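Chain by chain, the residues:
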Amino acid sequence: MSLVSLYSQTPLLDAIQEPSDMRALSDTDLLCLAGELRSETIDVVSQTGGHLGSSLGVIELTVAIHAVFDTPRDKLIWDVGHQCYPHKLLTGRREAMRTLRKKGGASGFTRRAESAHDPFGAAHSSTSISAGLGFAVARDLGADIGDVICVIGDGALSAGMAFEAINNAGALGRRIFVILNDNAMSISPPTGALSTHLDRLAGPVRAGSGDTAPAGVTSLFEQMGFAYHGPVDGHDLTGLLDTLRHLRQTADGPVLLHAITRKGAGYVHAERAADKLHGVSPFDVTTGTQAKARATGPSFTKVFATALVAEAEQDPRIVAITAAMAGGTGIDIFARSFPDRTFDVGIAEQHAVTFAAGLAAGGLRPFCAIYSTFLQRAYDQIVHDVALQGLPVRFAIDRAGLVGADGPTHAGSFDIGYLANLPGFTVMAASDEAELVHMVATAAAHDAGPIAFRYPRGEGSGIDMPARGTVLPIGRGRVIETGSTVALLSFGTRLGQCLAARQALEAQGISVTVADARFAKPLDKALIEDLVSRHKLLVTIEEGATGGFGALVLHHLAARGMLDGRCGLRTMTLPDSFISHAAPDEMYAAARLNAEHIERLVLGALAHSRRRHALPLPYDGTNGAVNGSRTIAAE
């Protein structure tokens, strides 16, 4: 559908360049605008893919907030930000949304650099109230800031950070508006006692019997210093407008508005789907059918889950923990076989890690499955509660490396460095899906301390899979191809790119060894020393930031006195920058970690070595070099 033909169906939306344009509209017009905004959101995401269900659930909230408040002077902060598509369509980014999550296009989350209407960037959960309170205090200390509105979901509210902020905000008493977008659904179904409490408060609205909490039920928020309003129907735009106008006129401290919404509201295929079409590929609007590329192999996530089930069938001590990402991590597959040994703790990574530590101390074999980027949120627990006590918690680290359209907020860039520097930690990376099966088995058998294995998002290469994993010898890598001039030592799934680079270099007469490190800690010191002693150049390649595997290799070689001119050394890592969203291949091209970049680095390093070893001898004041005119040509 062309933009011209689409615009003719959205006359009110066509006239909105900024939210201030909405404030001249009547409430009746705003109702029509909400309908156009829902249609536009569906149409955009049908072409680009992205987070659909969450955005459809806040259409009316988005219109009401922008119509009542003076954004961007009033600061609107979206928690997580994956529900911000309608917000972006109303804030001057309608054209950019046609390139949503594409290279150079609009981000799928709020981003300060993108618009003044995004006062605080997000993508991880539960940060909005803390940031909003900061804006409110800055305002009260003289900054040119109006009201502050934070929109947070019931799932995000389960994280400790949200409660830390509510505790602080309730005590400070500053004017701040928190809108609880309660759809009883985050990515995975809600869990925990808080969910039960919110369900009791929301009961009358969900039952269609009223807009107030049940008699005798006091909200937790009132006990923590907030004026609690609701529950209200989050899809009743007229009611939302009236409520927000009243609150804006009368509030004199922290306010929480409890809005009951439906994820995927207004699009039948989303409302019927189990996940409410949380994240989708491009799809047909009429049928809801998503267009997905043909798989080259099983996803790494599914391979992990299947391997974990196989190990758990043999060992009743194996249990699995996830932090509100059962589907994303594959723990939902494990739960089908072992529901009593599966624990979804909600968006609470810190608790998940220490809970796993307690399970390990109690004699179980816990697998804590958390995305690399979200595991960052629990670093103190990893250090203090796991590593310091030497507890054998198994960390299954999904989404290692660059992840594509979700961009830098979800990239798994730092876990190699932040885990491998901890005493007693074992850190592995799977080079392919078969290796992942072996690493699950290795982790299951490892009781000597904490152990982690990382693997990327997406599909494997389709290689033959073992029926069950084999326990790997700890700290031992493997040589894949043998050569004599250059050694490429890969940690993780860049191994395939190393093999492609080897083929290109061999065609130019350069003999190349390719090795799979498997372990960043403990290092395979014998393998590394052998590669250095037998080659003119060693290159390490990893899908992580500086200070990771390559740095560990350099530290070891320096300590052994093996950096003293025996062999050229280069490390290839992610760059010292955050790489913007794009397709994974485009992101790795930007990071210069593909086969062509490996080939180019090798050729440059070898040329540099030849120049360095062919320098003329010092000039002695005569017309010739010392001892004649020879040059140093030793390699």
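What you see is a predicted model; the values in this text were computed from it and never measured.

### Brief notes about the overall build of the protein chain
On a plain count of helices and strands, the protein chain comes out with 25 helices and 17 strands. Expressed along its principal axes, the backbone C-alpha trace of the protein chain runs to roughly 95 × 65 × 55 Å. The proportion of buried residues among the 635 residues of the protein chain is 56%. For the protein chain, the proportion of contacts with a sequence separation of at least 24, taken over those separated by at least 6, is 75%. Accessible surface, the protein chain as shown: approximately 25200 Å² in total, 53% of it carbon and sulfur. For the protein chain, the centre of its 55 positive side-chain charges and the centre of its 65 negative side-chain charges are spaced 6 Å apart.

### Re helix α3 (residues 27–48)
The terminal C-alpha atoms of α3, which comprises 22 residues, lie 31 Å apart, in line with the 32 Å expected from a rise of 1.5 Å per residue. At the C-terminal side of α3, Gly49 shows a positive phi close to 75°.

### Looking at the pattern of salt bridges
The final tally for this structure, using the stated rule, is 37 salt bridges. Linking Asp27 and Arg245 is a salt bridge whose minimum nitrogen-to-oxygen distance equals 2.9 Å. Residue Asp27 is found in helix α3, and its partner Arg245 is found in helix α11 (residues 237–250); the two are separated by 218 residues along the sequence. Residue classification places Asp27 among the partly exposed residues on the basis of a relative accessible area of 26%. You can call Arg245 partly exposed: its relative accessible area is 31%. Two residues, Arg394 and Asp447, come together in a salt bridge whose shortest N-O distance is 2.7 Å. With Arg394 in strand β9 (residues 394–398) and Asp447 in the loop between α20 (433–445) and β11 (451–454), this pair connects stretches of sequence that are 53 residues apart. Among the residues examined, Arg394 registers a relative accessible area of 0% and is labelled buried. Among the charged side chains, a salt-bridge network with shared partners connects Asp14, Glu40, Asp43, Arg94 and Arg98.

### Topic: helix α25 (residues 595–612)
Given 3.6 residues to a turn, an α-helix orients residues that are three or four positions apart in the same direction. Along its 18 residues, α25 runs 26 Å from first to last C-alpha, staying within 8% of the 26 Å computed at 1.5 Å per residue. Of all the residues in α25, the buried ones are Ala595, His597, Ile598, Glu599, Val602, Ala605, Leu606, Ala607 and Ser609.

### Let's talk about the pairing of strand β13 (residues 486–491)
Each regular strand carries side chains that alternate between the two faces of the sheet. Across the six residues that make up β13, a large majority, six, are buried. Both faces of β13 are covered, namely the face carrying Val486, Leu488 and Ser490 and the face carrying Ala487, Leu489 and Phe491. Inspection of the sheet shows β13 paired to strand β16 (residues 537–542) by six bridges, in the parallel sense. Of the residues in β16, the one forming a bridge with Ala487 is Leu538.

### Details of the packing of helix α22 (residues 525–534) against helix α23 (residues 549–559)
Closest axis-to-axis distance for the α22/α23 pair is 11 Å, and the angle between their directions is 75°. One finds that α22 runs roughly perpendicular with respect to α23. In this structure, α22 uses Lys525, Ile528, Glu529 and Val532 to contact α23, whose residues at the interface are Val553, His556 and Leu557. The class makeup of the residues in the contact of α22 with α23 is four nonpolar, one polar and two charged.

### Some words on the confidence of the model for the protein chain
Looking at the protein chain, the pLDDT average stands at 92 and 94% of residues meet or exceed 70. Predicted confidence for residues 617–635 stays below pLDDT 50, and this span has 21 contacts to residues more than four positions away or in other chains.

### What to know about the environment of Gly81
Of note, Gly81 is situated in the loop between β1 (75–78) and α6 (85–90). Relative accessible area serves as the criterion here: at 0%, Gly81 is assigned to the buried category. Sequence separation between Gly81 and Gly561 is 480 residues, and the spatial gap between their C-alpha atoms is 50 Å. For Gly81, the residues in contact, after removing those within four places along its chain, are Gly108, Phe109, Thr110 and Ala122.

### Examining the sheet that holds strand β10 (residues 426–429)
Pairing is mixed across the open sheet formed by seven strands, whose spatial order is β7-β6-β8-β9-β11-β10-β15. Looking at the sheet topology across the chains shown, the edges are occupied by β7 (342–344) and β15 (519–521). Taken over all neighbouring pairs, the strand axes of this sheet differ in orientation by 20° on average, direction set aside. Where strand β6 (residues 318–322) and strand β8 (residues 365–371) come together, five bridges link them in parallel fashion. Directly across from Ile318, in β8, lies its bridge partner Arg365.

### Topic: unusual backbone geometry
In this chain, Thr71 is followed by Pro72 through a cis amide linkage whose omega measures 10°. Within the element layout of this structure, Pro72 appears in the loop between α5 (59–68) and β1. The residue after Gly230, namely Pro231, is reached through a cis peptide bond having omega 5°. For Pro231, the position within the fold is in strand β4 (residues 227–233). Although it is not a glycine, Val80 sits at a positive phi angle of roughly 70°.

### Some details on the state of the cysteines
In this structure the tally under the stated criterion is zero disulfides. Of all cysteine sulfurs in the structure, the one in Cys150 sits closest to Cys84, which takes part in no disulfide; the separation is 15 Å. Residue Cys84 is classed as buried on the basis of its relative accessible area of 0%. The thiol of Cys567 is not disulfide-bonded; the next cysteine sulfur, from Cys498, is found 15 Å away.

### A look at the side chain of His51
If you trace the backbone, His51 turns up in the loop between α3 and α4 (53–56). Beyond its immediate stretch of four places on either side in the chain, His51 contacts His82, Tyr85, Arg101, Phe109, His278, Gly279 and Asp406.

### Overview of the packing of aromatic side chains
What the rule picks out here adds up to 14 aromatic pairs. Ring geometry for Phe343 and Phe355: centres 5.4 Å apart, planes at 80°, overall edge-to-face. With a gap of 12 residues between them, Phe343 in strand β7 and Phe355 in helix α16 (residues 349–361) connect regions that are remote in the sequence. Exposure remark for Phe355: the relative accessible area of 24% places this residue in the partly exposed category. Where Phe367 meets Phe453, the ring centres are 6.3 Å apart and the plane angle is 65°; that geometry is what we call edge-to-face. Of this pair, Phe367 sits in strand β8 while Phe453 is found in strand β11, placing the two residues 86 residues apart along the sequence.

### Digging into the nonpolar core
If you look at the biggest cluster of nonpolar residues, it comprises 52 residues, and the most contacted ones within it are Phe395 and Leu538. It is α16 that contributes the most residues to this core, six residues altogether. Setting aside residues up to four positions removed in sequence, Leu538 forms contacts with Ala487, Leu489, Leu531, Val532, Val553, Leu557, Cys567, Gly568, Leu569 and Arg570. Val45, Val232, Leu237 and Val255 belong to the second largest nonpolar core, which has 50 residues in total.

Cut-offs applied
Residues numbered from 1 in each chain as written. Predicted model: local features only at pLDDT ≥ 70, side-chain atom pairs only at ≥ 80, totals over all residues. Heavy atoms only, no water. Helix = DSSP H or I, 4+ residues; strand = E, 2+ residues; numbered from the N terminus. Buried < 20%, exposed > 50% of the residue type's maximum accessible area, 1.4 Å probe, protein only. Contact = heavy atoms within 4.5 Å. Areas by Shrake-Rupley, 256 points an atom, 1.4 Å probe, with all protein chains shown as cover. Lys, Arg positive; Asp, Glu negative; His and termini not counted. Charge placed at Lys NZ, Arg CZ, Asp CG, Glu CD. Expected span 1.5 Å × (residues − 1). Salt bridge = Lys/Arg side-chain N within 4 Å of Asp/Glu carboxyl O. Pairing = 2+ DSSP bridges. Axes fitted to C-alpha atoms, helices over the stretch in contact; angles between N-to-C directions. Parallel < 35°, antiparallel > 145°, perpendicular 65-115°, else oblique. Nonpolar A, V, L, I, M, F, W, Y, C, P; charged D, E, K, R; others polar. pLDDT = per-residue confidence, 0-100. Disulfide = S-S within 2.5 Å. Phe/Tyr/Trp six-rings, centres within 6.5 Å; stacked < 30°, edge-to-face > 60°. Core = buried A, V, L, I, M, F, W, Y, C linked by side-chain atoms within 4.5 Å.

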